[in-house]
Amino acid sequence: MALHKPYQDIPGTTVFDAEQSRLGYWLNQFCMSLMRAENRARFKADERAYLDAWPMSEAQKLAVLSRDLNRCIALGGNIYFLAKIIATDGKSFQQMAGSMTGMTEDEYRAMMLAGGRSVEGNRVLGEHGDAQPHRQPQGAAGSQGKGAI
């Protein structure tokens, strides 16, 4: 039986739940392998060969190779594990977050220092005429006060 997931209507957000965890298990295990210097060296020497040693989907491997972290998240990657890839590339978490939002590092930093993204237009799908999701009834737990994540 599928679980009711009222959080699926947050625009632009993939919640890392049990289903995402199962989907991304090997992707996240690969990322954790990068905690060891010898594994980082092997990965950097031949990224595809290193990835092929892991039972990840081809889509996950291609997302890693192209450093499409938004796609990695959609395929079960957890942002804290994915940060190991960017660190292996010698980049900061801030650089990673900026790239995932389509902003430069400086634009991302300025946005965060100004208080982050506005919640307006980012609360639930359908708020401004976009696709209408299944909604929780008014007053249901968690249905009020959703902000951008």
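Residues numbered from 1 in each chain as written. Predicted model: local features only at pLDDT ≥ 70, side-chain atom pairs only at ≥ 80, totals over all residues. Heavy atoms only, no water.

**Student:** Looking at this structure, I do not really get the pattern of salt bridges. What am I missing?
**Tutor:** Where charged atoms of side chains with opposite charge meet at close range, the side chains can pair. Counted by the stated rule, this structure contains 10 salt bridges. A salt bridge links lysine 44 to aspartate 89; the shortest N-O distance between them is 2.9 Å. Here the residue lysine 44 occupies a position in helix α3 (residues 37-45), and aspartate 89 occupies one in the loop between α7 (79-88) and α8 (93-101), the gap between them amounting to 45 residues. For lysine 44, a relative accessible area of 41% corresponds to the partly exposed category. A relative accessible area of 24% means that aspartate 89 is categorised as partly exposed. A salt bridge links arginine 109 to aspartate 106, with the nearest nitrogen and oxygen atoms 2.7 Å apart. One end of the pair is arginine 109 and the other is aspartate 106, both in helix α9 (residues 105-113) and three residues apart, which spans about a single turn. Take arginine 109: its relative accessible area is 32%, and that puts it in the partly exposed class. Linked through salt bridges whose partners overlap, the residues forming this network are Lys44, Glu47, Arg67 and Asp89. (Salt bridge = Lys/Arg side-chain N within 4 Å of Asp/Glu carboxyl O. Helix = DSSP H or I, 4+ residues; strand = E, 2+ residues; numbered from the N terminus. Buried < 20%, exposed > 50% of the residue type's maximum accessible area, 1.4 Å probe, protein only.)

**Student:** I keep staring at α7 and nothing clicks. Help me out?
**Tutor:** Along an α-helix, a turn takes 3.6 residues, which lines up residues three or four apart on a common side. Taken together, the buried positions of α7 are occupied by Leu82, Ala83, Ile85, Ile86 and Thr88. Its buried side turned inward, α7 meets α2 (25-33), α3, α5 (58-65), α6 (69-74) and α8. A side-chain oxygen of the first residue of α7 lies 2.8 Å from the backbone nitrogen of tyrosine 80; this N-cap is asparagine 78. Of the residues trailing α7, glycine 90 is marked for its positive phi of about 80 degrees. (Contact = heavy atoms within 4.5 Å. Polar contact = N/O pair within 3.5 Å; in protein donor to acceptor, adjacent residues only side chain to side chain.)

**Student:** Would you mind going over unusual backbone geometry with me for this structure?
**Tutor:** Glycine aside, residues mostly have negative phi, and peptide bonds are mostly found in the trans state. Residue arginine 67 is not a glycine yet carries a positive backbone phi of 55 degrees. Mapped onto the secondary structure, arginine 67 falls in the loop between α5 and α6.

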